[in-house]
Amino acid sequence: MPVTDDDGLRELLSMDPVAVVGCSSTPGKAAHDIPKYLQEHGYEVIPVNPYADEILGREAYDSLADVAEEIELVDVFRPSEEVSGIVDEVLARHEDRGDIEGVWLQLGITDDEALARAEEGGLLATQDRCMKVEHGRLMG
């Protein structure tokens, strides 16, 4: 079951650095403004977007596998139908590198089956929640 309680959400929010899959270079889009908010609140944000070279002053990576630094949390801003493949990438990296402890699917993004696989792989996961809203509510 995805995390829904405040203690579990706090645990996810304590994870840093955060790789943002689908991070946008366009101000005004949630996939840009929420990672910017996280960055302004002390998170190390690692943008993952194959169509951008740099976002929020950081190199943007083509995929999670390309990220050299350690990642603790993966924040997903991609359509629900892409979640299964992203979770496959997360689990492969988790097995290979031993990093990544959690998966956060943003508001409106859900995939029960993929999150069940993430949890079976030892990860904390939540879906259909805005990381900015929950951070403000629980950590503000």
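For the structure, see preceding data.
Note on numbering: residues in each chain are counted from 1, in written sequence order. A pLDDT threshold of at least 70 governs which residues receive local features in this predicted model, and a stricter bar of 80 or more applies before side-chain atom pairs are shown or counted, although totals over entire chains, interfaces and linings include all residues. Side-chain descriptors were evaluated using all non-hydrogen atoms of the structure, hydrogens and water having been removed beforehand.

**Quick notes on the layout of surface pockets**
Here the term cavity refers to a set of points on a 1 Å grid, laid over the protein atoms alone, in which a 1.4 Å probe fits but cannot get out; the term pocket refers to an open set having protein on both sides within 12 Å along at least five of seven lines, with lining residues being those that place an atom within 4 Å of a point. Grid points are joined across faces, edges and corners, and a volume is the space filled by probe spheres set on the points. Considered as a void within the structure, the largest pocket measures approximately 290 Å³ in volume. In terms of lining, the largest pocket is formed by 19 residues, of which the most central are Val-21, Gly-22, Val-48, Pro-50 and Arg-78. Looking at the lining of the largest pocket, the elements with two or more residues in it are α2 (30–40) and α3 (83–97). A run of H or I in DSSP becomes a helix once it reaches four residues, and a run of E becomes a strand once it reaches two; helices and strands are each numbered from the N terminus.

**Overview of helix α1 (residues 6–13)**
Among all positions of α1, only Gly-8, Leu-9, Leu-12 and Leu-13 are buried. Buried positions in α1, seen along its axis, are confined to an arc of 140° and lie on one side of it. Residues of α1 that are buried in the fold lie against β5 (73–76), β6 (102–105), β7 (124–126) and α5 (131–138). Three labels apply to residues, based on accessible area from a 1.4 Å probe with only protein chains included: buried if under 20% of the type maximum, exposed if over 50%, partly exposed otherwise in between. Of all possible arcs, the one meant is that of the directions from the helix axis to the C-beta atoms. When checking whether two residues touch, look at their non-hydrogen atoms; a contact exists if any pair is within 4.5 Å.

**Quick look at the packing of α1 against α5**
Axis definition: a line fitted to C-alpha atoms, limited for helices to the stretch in contact. Angles are taken between N-to-C directions and run from 0 to 180 degrees. Interhelical geometry of α1 versus α5 gives an angle of 110° and a closest axis separation of 10 Å. Between α1 and α5, the angle falls in the class roughly perpendicular. The segment α1 lies against α5, with Asp-6, Leu-9, Arg-10 and Leu-13 engaging Met-131, Glu-134, His-135, Arg-137 and Leu-138. Considered class by class, the residues forming the contact of α1 with α5 number four nonpolar, one polar and four charged. Reported orientations rely on four angle classes, namely roughly parallel under 35 degrees, roughly antiparallel over 145, roughly perpendicular from 65 to 115, and oblique for the rest. Classes in brief: Ala, Val, Leu, Ile, Met, Phe, Trp, Tyr, Cys and Pro nonpolar; Asp, Glu, Lys and Arg charged; the others, Gly included, polar.

**Here we look at helix α4 (residues 112–120)**
Each turn of an α-helix holds 3.6 residues, which means side chains three or four residues apart point in the same direction. By the burial criterion, the buried members of α4 are Ala-114, Leu-115, Arg-117 and Ala-118. Across the axial projection of α4, the buried residues extend over an arc of 155°, all falling on one side. Opposite the buried face of α4, at more than 90 degrees from it, the exposed residues are Asp-112 and Glu-120. The term polar contact refers here to a pair of N or O atoms within 3.5 Å; inside protein, the definition further demands a hydrogen-donor-capable atom paired with an acceptor-capable atom, and it admits residues adjacent in sequence only when both atoms are side-chain atoms. Capping of α4 at its N-terminal end is provided by Asp-111; its side-chain oxygen lies 3.2 Å from the backbone amide nitrogen of Glu-113. Taken from the residues just after α4, Gly-122 is the one with a positive phi, measuring 95°.

**Quick word on the state of the cysteines**
Cysteine sulfur pairs qualify as disulfides if the two atoms are within 2.5 Å. Under the defined criterion, the tally for this structure stands at zero disulfides. Cys-130 carries a free sulfur, and the closest cysteine sulfur to it, the one in Cys-23, is 14 Å from it. Residue class for Cys-130 comes out buried when judged on its relative accessible area of 11%.

**Observations concerning unusual backbone geometry**
For the peptide bond that leads from Asp-16 to Pro-17, omega is 10°, which places it in the cis range. As for its position among the elements, Pro-17 is in the loop between α1 and β1 (18–21). Positioned with a positive phi, Ile-100 is a non-glycine residue whose angle comes to about 65°. The topology assignment puts Ile-100 in the loop between α3 and β6. Phi is positive for Asp-128, close to 55°, though the residue is something other than glycine.

**Looking at the environment of Arg-137**
Within the secondary structure, Arg-137 sits in helix α5. Once the C-alpha coordinates of Arg-137 and Ile-109 are considered, the two residues, 28 residues apart in sequence, prove to be 20 Å apart. With residues near it in sequence (within four places) discarded, Arg-137 still touches Asp-6 and Leu-9.

**Section: the sheet that holds β5**
Note on pairing: DSSP must find at least two bridges between two strands before they are called paired. Read from one edge to the other, the open sheet built from five strands follows the order β2-β1-β5-β6-β7, with strand pairing classed as parallel. Edge positions in the sheet fall to β2 (45–48) and β7, since each of these pairs with one other strand and no more. Between one strand and the next, the sheet's axes are offset by a mean angle of 15°, whatever the strand orientation. Across four bridges, the pairing between β1 and β5 is parallel. Pairing of Val-20 across the sheet is with Asp-75, part of β5.

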